[in-house]
Amino acid sequence: MLTTLYLSLLLVIIVGVLLFAIKILQDILQKGIQETRLTVKEALTDYAGELGKRFDHLTYTTDLRLKEINHQVEKKLAEGFEKTTATFSDVIKRLALIDAAQKKITELSSNVVSLQEILNDKRSRGTFGEVQLSALIRNVIPEQHFSFQHTLSNGKRPDCILFLPEPTGTIAIDAKFPLENFRLLMDTTLPDSEKRQVEQQFRVDIKTHIQHISEKYIIQDETADGAVMFIPAEAIFAEIHSHYPDLVESAHRAKIWLVSPTTMMAILTTARAVLKDAATRQQLHIIQKHLHMLATDFERFQKRMDNLARHIAQAHTDVDQVHTSAKKITERFGLIEKAELVPSEHTEI
């Protein structure tokens, strides 16, 4: 009986000790759970703050880069507009130069007293043609696109060379037109028999001059496939086209262009337009090059934005997974607190 009492008392003491130990263990577990929750919460808060800072910095960097690109685009467009404005201003200036040249030519024509007197000898005739040609060209074509007395690879020196862009190329101009027989043709006192001889000789002189120009000033892979024969008087030009169509056909076959001062002005104006067009195409090529580079930069920017979007999406996914893990940890601590943890349960965190 006494033994049973001792055993009961001992059992009560043991149970009391166990209950006290369990209480202590529960307090320790509760404190550990609270500390763990606080640590996880602080870690999540720090991670969210760091992620927010990185996202803000990334947003700031992206905005700054976009502003730089926008500034560069605006700068390039402004430069393009300035060049276009300068080109139009230059065109207006050139038109004014043409008007001035036409006035000078009109004044020069009014100051010519007698073409027949001027063309009495070859030296005066050659000088007259070269002076007219020089006045026309210098008032229309820029200096760098023509040259007087330029020496070709065959040693010949035309009166003027025009340097035009391809496919036109280099064009030779001859101003030494044979006018001696034309002066005789204009002599109304000349008998009919002599006049026919003069007409025939005039035809021969022109054909010979056309042939000489073709042989001397048309060089393959160096000059254009045609050359210009400058006729220094509208009356002679009209006479040839009116009464000597065979000479015009001969010039066409030999690829020689017969021009008067008026038609020469038209040719030079066209040549100047070709030069302007070539210069404009060159500027457009530069603009297109920069636009292509800009498109490449935009493409690179798009790729980087896509990568950024993927990183942001991945960060969002990581945050969701961390949140899920934290939720599961919290649930697990809740089960521990309720002593409902099943040993065989395997829950993925």
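A separate point is the overall build of the protein chain. A count of helical and extended segments in the protein chain gives eight helices and five strands. For the protein chain, the N- to C-terminal ordering of α and β elements is α-α-α-β-β-β-α-α-β-α-α-β-α. Considering only intrachain contacts with a sequence separation of at least 6, the fraction spanning at least 24 residues in the protein chain is 67%. Carbon and sulfur atoms provide 59% of the accessible area of the protein chain, an area that totals close to 23600 Å².

Attention now moves to helix H5 (residues 192-217). Between its first and last C-alpha atoms H5 spans 37 Å; for 26 residues at 1.5 Å apiece the expected length is 38 Å, and the two agree. Looking at H5, one finds that the buried residues are Val 198, Phe 202, Arg 203, Ile 206, His 209, Ile 210, Ile 213, Ser 214 and Tyr 217. Buried residues in H5 make contact with strand S3 (170-174), helix H4 (180-185), strand S4 (227-230), helix H6 (234-243), helix H7 (245-253) and strand S5 (256-259).

This brings us to the confidence of the model for the protein chain. Residues with a pLDDT of 70 or more make up 90% of the protein chain, whose mean pLDDT is 80. Within the model, the stretch residues 112-121 combines pLDDT values under 50 with 13 contacts to residues more than four positions away or in other chains.

Oppositely charged side chains may form a pair once their charged atoms are brought near each other. A complete count under the given rule lists eight salt bridges for this structure. A salt bridge links Asp 90 to Lys 276, with the nearest nitrogen and oxygen atoms 1.9 Å apart. Of the two residues, Asp 90 is situated in helix H1 (residues 2-111) and Lys 276 in helix H8 (residues 261-337); the sequence distance between them amounts to 186 residues. Note on Asp 90: relative accessible area 24%, which makes it partly exposed. A residue is classified by how much of its surface remains accessible, and Lys 276, at 24% relative accessible area, is partly exposed. Between Asp 297 and Arg 300 there is a salt bridge, with the nearest N and O atoms lying 2.9 Å from each other. Taken together, the residues Asp 297 and Arg 300, both in helix H8 and three residues apart, mark about one turn of the helix. Among the residues examined, Asp 297 registers a relative accessible area of 29% and is labelled partly exposed. Accessibility expressed as a relative area gives 38% for Arg 300, which makes it partly exposed.

Rules behind the numbers
- Residues numbered from 1 in each chain as written.
- Predicted model: local features only at pLDDT ≥ 70, side-chain atom pairs only at ≥ 80, totals over all residues.
- Heavy atoms only, no water.
- Helix = DSSP H or I, 4+ residues; strand = E, 2+ residues; numbered from the N terminus.
- Contact = heavy atoms within 4.5 Å.
- Areas by Shrake-Rupley, 256 points an atom, 1.4 Å probe, with all protein chains shown as cover.
- Expected span 1.5 Å × (residues − 1).
- Buried < 20%, exposed > 50% of the residue type's maximum accessible area, 1.4 Å probe, protein only.
- pLDDT = per-residue confidence, 0-100.
- Salt bridge = Lys/Arg side-chain N within 4 Å of Asp/Glu carboxyl O.

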